[in-house]
Amino acid sequence: MVAILWISLLCAESFHMNKCVEIERLALLKFKDAYIHGMDNPFASWKGEDCCKWKGILCDNITGHIISLKIEHAPGLGGKLVSSICELQHLTSLSLDDNQLEGNIPECIGSLAQLIEVNLASNKLVRIPPSLGNLSNLQTLDLAYNYDMIVDWLSSISRIPSLSELISVGCGLHNITPSSLPHLNSSISLKSLDLGENNLNSSILPWVINVSKVLETLVLSYNSLQQSIPYEFGNMFFLQYLDLSHNELQGSLPKSYKSMYQLKELHLNSNKLSGQLSDSIQQLCCANNSLEYLDLSDNPFTSDPLPNLSCVSSLVTLSLQNTNLVGLLPKWLFVHSPFLQNLYLSHNHLRGVDIIDDANLSAIRKLHLSFNQLSGPFPHIISQLPNLEELSISSNKFNDIIDKTHLSNLSKLKFLDVSQNSLSFNLSSDWIPPFKLTNLYASSCQLGLEFPVWLKHQTELTEFDISNTGISDSFPKWFWNLSLTLEYLNVSHNKLNGPMPKSFPNTKVNYDSFYVWDFSFNHLNGSLPPFPELRSLFLSNNMLIGSLSSFCTSSGQYLIYLDLSSNLLTGKLTDCYWEKFPSLTFLNLAKNNLSGKVPTSFGVLRHIESLHLNNNNLSGEIPSLILCHNLKLIDVGDNNLQGTLPMWMGDHLPMLIVIILRANKFHGNIPTNIFQEQAFTIYHH
């Protein structure tokens, strides 16, 4: 009998695994029809009778009911969250984050009683329905970055009995009134609460303090909390992560913080904490201390030396940037191991390092001392940090010659910033560094007249700045192999000469990529090569010749900033270039010898804000720019342009505030409509 039942169950399972429930399949199709998608279609697999095989769908193996729906972000995605979602009555997980959905969350969502997890983050949803409180099994709710939630959000949230994680960062949540607090239930299960970036004031604190007795994570950063840090936070005995950064909290840490035995991370940076730093540190000292991360940076503490933190022996990361520290770095800081693996002390008034020779320095991994008053030779102690991964000593007064003895023991170094010091590098051409840097900043140091050969081995660089370093050389061929990974490249203000390469390796740029290359203020010559995909390209103040024809084969989908001014470029501005740059915001072609008419394709630059064509040999009339609604500045001075000023300058360019027309052949009157909407500065001689 048992065997027959087992076989029957297997058959049932096999049957339902091959076909979903029809009413749920139809509900999914209605849900899909409310979406708008671009070329990347997340619903491409939503075909056929068995919706359990569709991408993003998970069904129960026994019943065939849909239990999970996840739609991944794709460019061009959008639409609305329609009520057909509520026909999926067996859903336990709903994940629609980063889909650009608009409108309200349907009221009927409260009928999905099986929901355990809901993720609707990074959309444009504007209403939390009261019915959300009916979801008695809901444990995780993520509504982050929906920017305009309704007034009674707190009452809706407070009615969810099983909620253990609530993420409502960046939701534009409204402040609560104190009179409503007695009517709100406290959750006994909430373990993680994130209400950051909502501009909430201190009226939220009584609810936060009483919302849960088992809270482990609390984030209230980027709000408008203004009072002293509440003493009651010390009663949150289970709290492990507390972030109150970027508020206007005052005073110092209350004594109750000694009771927070399980606290591992404390973020209080960017507030108005004052008094002596040592007093606040003292409140973190306790016998069972577990604190590993402490950030008190960007607070106006009294000017004092670095206080003794040896009582917080569990610390791994300490950030005291911009806290008015003065004097020397004390000996105890380097004696205690593994204390202070990551040390951030930039933007203070430190003068030097008081160090003993027998210190155990094996623990230090990140050391940031930039923007202080450190002077003298390159600290010899740095060469004794075998596990050092990041070193930042920029904008100090170090004066020394760096040779291989300073760097040969730093095999784990990834980030090096020595810029804005009086440092010179003396590294032989056959020296092979023991490290592979990802970030190198050496601006305003002296690297020598020749291009540094030791850089040949830094094949993992993503950000690289050797501007104003005294190089008077041409680019070696091996340098362009490094460009394959470079997102930020700055070699400006040197005396680099010779031509650019005929081609570059392809880069992989997306909307979020950085990709800035700066070759300006050098002696580069030759013609422009086709450039890879970039966000910003600076080539001004060189000796580049020829036309812009290479841009016809360049890829410029993401290019925002292009500066080719002050070169020797010639030829016409043909139409083929500008249609390739739909994102262009700043264009500077000034001080060249470009000729011919200004192309009509300039009119497709819908995002252009600043257009500089001055000091060339351009002729003809200014083409229509009526679609360039963001234009703020037009400079076409010192050319051979002619005709009258078009009326559309005042009618269609609402942001325009500066027009420079001097030294051309314009005639007639300045249209009066230009002055009706905006305050203009016009240069017309």
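Residues numbered from 1 in each chain as written. Predicted model: local features only at pLDDT ≥ 70, side-chain atom pairs only at ≥ 80, totals over all residues. Heavy atoms only, no water.

A. Here's a closer look at the nonpolar core. With 189 residues, the main nonpolar core has Leu-69, Ile-204, Phe-233, Phe-519 and Phe-531 as its most contacted residues. At four residues, helix H4 (residues 205–210) tops the list of elements feeding residues into this core. Excluding residues within four positions of it along the chain, Ile-204 makes contact with Trp-153, Leu-154, Ile-176, Leu-195 and Leu-225. (Core = buried A, V, L, I, M, F, W, Y, C linked by side-chain atoms within 4.5 Å. Buried < 20%, exposed > 50% of the residue type's maximum accessible area, 1.4 Å probe, protein only. Helix = DSSP H or I, 4+ residues; strand = E, 2+ residues; numbered from the N terminus. Contact = heavy atoms within 4.5 Å.)

B. Spatial organisation of unusual backbone geometry. Of note in the backbone geometry, Ser-122 takes a positive phi value of approximately 55° without being a glycine. As for its position among the elements, Ser-122 is in the loop between strand E7 (117–119) and strand E8 (124–125). Of note, Asn-541 is a non-glycine position whose phi angle comes to about 55°, a positive value. Relative to the elements of secondary structure, Asn-541 occurs in the loop between strand E34 (536–538) and strand E35 (543–546).

C. Just the pairing of strand E43 (residues 640–643), in detail. Of the two faces of E43, the one holding Leu-641 and Gly-643 is buried and the one holding Asn-640 and Gln-642 is not buried anywhere. Of the pairings in the sheet, the one linking strand E41 (residues 617–620) to E43 comprises two bridges and is parallel in character. What sits directly across from Gly-620, in E43, is Leu-641. In this sheet, strand E45 (residues 665–666) lies alongside E43 in parallel orientation, the contact comprising two bridges. Its bridge partner lying in E45, Gln-642 is registered against Lys-665. (Pairing = 2+ DSSP bridges.)

D. Examining the state of the cysteines more closely. Going through the model one piece at a time under the given rule, you end up with four disulfides. The side chain of Cys-285 participates in a disulfide bridge whose partner is Cys-311; the two sulfur atoms lie 1.8 Å from each other. Here Cys-311 lies in the loop between strand E17 (293–295) and strand E18 (317–319) and Cys-285 lies in the loop between helix H5 (277–282) and E17, a separation of 26 residues in the sequence. Judged by its relative accessible area of 11%, Cys-285 falls in the buried class. Not part of a disulfide, Cys-171 finds its nearest cysteine sulfur in Cys-86, a span of 20 Å. (Disulfide = S-S within 2.5 Å.)

E. Representation of helix H2 (residues 22–33) in the model. Its twelve residues place the ends of H2 17 Å apart at the C-alpha level, agreeing with the 16 Å of an ideal helix rising 1.5 Å per residue. For H2, the elements touching its buried residues are strand E1 (35–36), strand E2 (57–59) and strand E3 (66–70). (Expected span 1.5 Å × (residues − 1).)

F. Spotlight on the pattern of salt bridges. Throughout the structure, instances matching the rule amount to ten salt bridges. Residue Lys-30 pairs with Glu-87 through a salt bridge whose shortest N-O separation is 3.9 Å. Pair noted here: Lys-30 is in helix H2 and Glu-87 is in the loop between strand E4 (78–80) and strand E5 (93–95), with a separation of 57 residues, a long-range link. For Glu-87, a relative accessible area of 31% puts it in the partly exposed group. (Salt bridge = Lys/Arg side-chain N within 4 Å of Asp/Glu carboxyl O.)

G. A look at the sheet that holds E8. With mixed pairing, the four strands of this open sheet are ordered in space as E1-E4-E6-E8. Bordering the open sheet on either side are E1 and E8, each of which pairs with just one other strand. The pairing of strand E6 (residues 101–103) with E8 spans two bridges and is parallel. Across the sheet, residue Gly-103 finds its bridge partner in E8, namely Leu-125.

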